[in-house]
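Analysis of the macromolecular model
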Amino acid sequence: MMENSFYNFKYSPPESKFGGSLKALRGEVLSFVKDPFLYGESESVVHYKDGMVVIKDGKVEAVGDYADIAGSIPMVENIETFDDAVIMPGFIDCHLHYVQSPMIASAGDTLLAWLDQYTFPTEAKFRNKEFADEVARIFFRQLLMNGTTTANIFATTFPESVDAIFEESERYNARTICGKVLQDRNLPDNLKDKTAEGSVIESERLLKKWHSRGRQLYSVVPRFAPTSSRLQLKLAGELFQKYKGEGVYMHTHLNEAENEIEWVRQLYPEAANYTDVYASNGLLGERSVFAHCCLMKEEEWQMLHDHGCGIAHCPSSNLFLGDGQFKYWEAKDASRPCKVGIGTDVGGGTDFSVFRQLGDAYKVAMLHDRYLSGLRSLYMATLGGAEVLGLEDKIGSISPGYEADIAVVDLKPTEFIEWRLRFTDDIFSKLFVLQTMGVGMCVNATYVAGNKVYSK
Ligand code: GUN
Ligand code: ZN
């Protein structure tokens, strides 16, 4: 197994899962408390130029100006100070496929052809637990070195692929969402579920094994309407309905590309629209997450709003695969706003960094003459993602009582960026330079439930 001393990762010590001593991080702190699409930008943000975050038992105990906090909590001895950096909530990736890590950046053709050519043969290898373990390990390190502390992850058909990623997440004590992918038609035999009934029984077994074990959460995951039989979608909906009260998720793809939508029309001619295929099977709810939503009809936005569903905006994937483009101004229409977070959609997406997706989100909006402010996009990458996942009272913000999942963003990742930022004072303008220039390695340190699990 490849080891690289360049990187510094550490599994969470088992004795300190939500434990550990009082500690504090000092530096510039930036966080969100509200949705800036719905409230004023200044109301939505918390910013301390010289701030301090106090962490106790893996949770945020206090946050504020250093001068105020240091006076009020004098017993903190373990203070880590970050200069030229911003202490932010860990990034939240609302949609990606860890099983596509071995084929990220594979070139050529439309979504459906790309799935056939690269994705399905790669996912078929995850029947082998050792292979799944290796990919899960490398993948998780990519998340953490990019400051991602929660991810809503697609595994694939095989239970081995689900166990591998949850086991790795557990070693870091990360809050991760995953589930067995349900797919019983229109894909190769070596990847297909044998029966709809068997696939959903297997999914329920994994749900009972993993849901709410430590910080792990389970999702019911029909890949997308074309790769599930009618019976499988129906049974998936029943499984979701049975467990959604316990915080189980539903996760799938929706309205990504023209040829996909046309295929759905042929397979489900009776449905009013693509969203209706999922709705009529009981798959819409407050913990339903739909990736893409690029080519939506007005009534489909309304359905997602009415059911409180979340959306993962995956701009680098949409550009790479030449799909439709997500229109945030439609999703956030004040008359029926929808919850929107960011997805890297690895391996359709071209980067593990949620932060770098924001540069693409800006450009996609500009293609439609719409301006997406850096502030709003950072919200989508943090608290907005938490809202999509129904976890906005636990993660996505550095606020008292929240789980201490934190990314420290480096404002000096390269010589040029350090120089460029001398000409910019405002913190959002600085972060905008970083997201736009697509600088890798722009995270100094990542904390999961208060434990430092990565440092540069
Ligand atoms: N739709 C169904 N499966 C996939 C997938 O693996 N990637 C993307 N981008 N879209 C999909
Ligand atoms: Zn996807």
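Please refer to the structure placed before this passage.
Please read all numbers here as calculations on a predicted model, not as lab measurements.

Rules behind the numbers
Residues numbered from 1 in each chain as written. Chains lettered and ligands numbered in written order. Predicted model: local features only at pLDDT ≥ 70, side-chain atom pairs only at ≥ 80, totals over all residues. Heavy atoms only, no water. Near = heavy atom within 4 Å. Polar contact = N/O pair within 3.5 Å; in protein donor to acceptor, adjacent residues only side chain to side chain. Areas by Shrake-Rupley, 256 points an atom, 1.4 Å probe, with all protein chains shown as cover. Helix = DSSP H or I, 4+ residues; strand = E, 2+ residues; numbered from the N terminus. Salt bridge = Lys/Arg side-chain N within 4 Å of Asp/Glu carboxyl O. Buried < 20%, exposed > 50% of the residue type's maximum accessible area, 1.4 Å probe, protein only. Donors = N, O, S within 2.8 Å, 3.2 Å for Na, K, Ca; no water. Tetrahedral: all angles 85-135°; square planar, octahedral: opposite > 155°, others 65-115°.

Taken together, 13 residues surround ligand 1, and among them H97, Q100, R223, E256 and D345 come closest. At a separation of 2.8 Å, an oxygen atom of ligand 1 approaches a polar side-chain atom of R223. In the environment of ligand 1, a nitrogen atom lies 2.7 Å from a nitrogen or oxygen atom belonging to the side chain of E256. Look at ligand 1: alone it shows 280 Å² of surface, and the protein chains cover 100% of it. Looking at the shell around ligand 1, the element that brings in the most residues is helix α3 (residues 111–123), giving 3 residues.

Before going further, it helps to examine the pattern of salt bridges. Summed over the entire model, instances satisfying the criterion amount to 29 salt bridges. With a closest N to O distance of 3.5 Å, E28 and K49 form a salt bridge. Residue E28 is found in strand β2 (residues 23–32), and its partner K49 is found in strand β3 (residues 45–56); the two are separated by 21 residues along the sequence. The exposure class of K49 is exposed, given its relative accessible area of 58%. In this structure, K234 engages E238 in a salt bridge whose closest nitrogen and oxygen atoms are separated by 3.2 Å. Remark: E238 and K234 occur in helix α7 (residues 230–243); sequence separation between them is 4 residues, near one turn of the helix. Given the relative accessible area of 42%, K234 is considered partly exposed. One network of salt bridges, in which partners are shared, links R175, R215, E403 and D405.

A few words now on the coordination of the zinc ion (ligand 2). Only H95 (NE2), H97 (NE2), H253 (NE2) and D345 (OD) from the protein reach the zinc ion (ligand 2) as donors, at distances of 2.0 to 2.3 Å. Because the angles between the 4 donor atoms bound to the zinc ion (ligand 2) fall within 87 to 167°, the donor set is best described as irregular. On the basis of relative accessibility, which here comes to 2%, the residue H97 falls in the buried class. The buried category is assigned to D345, whose relative accessible area is 4%.

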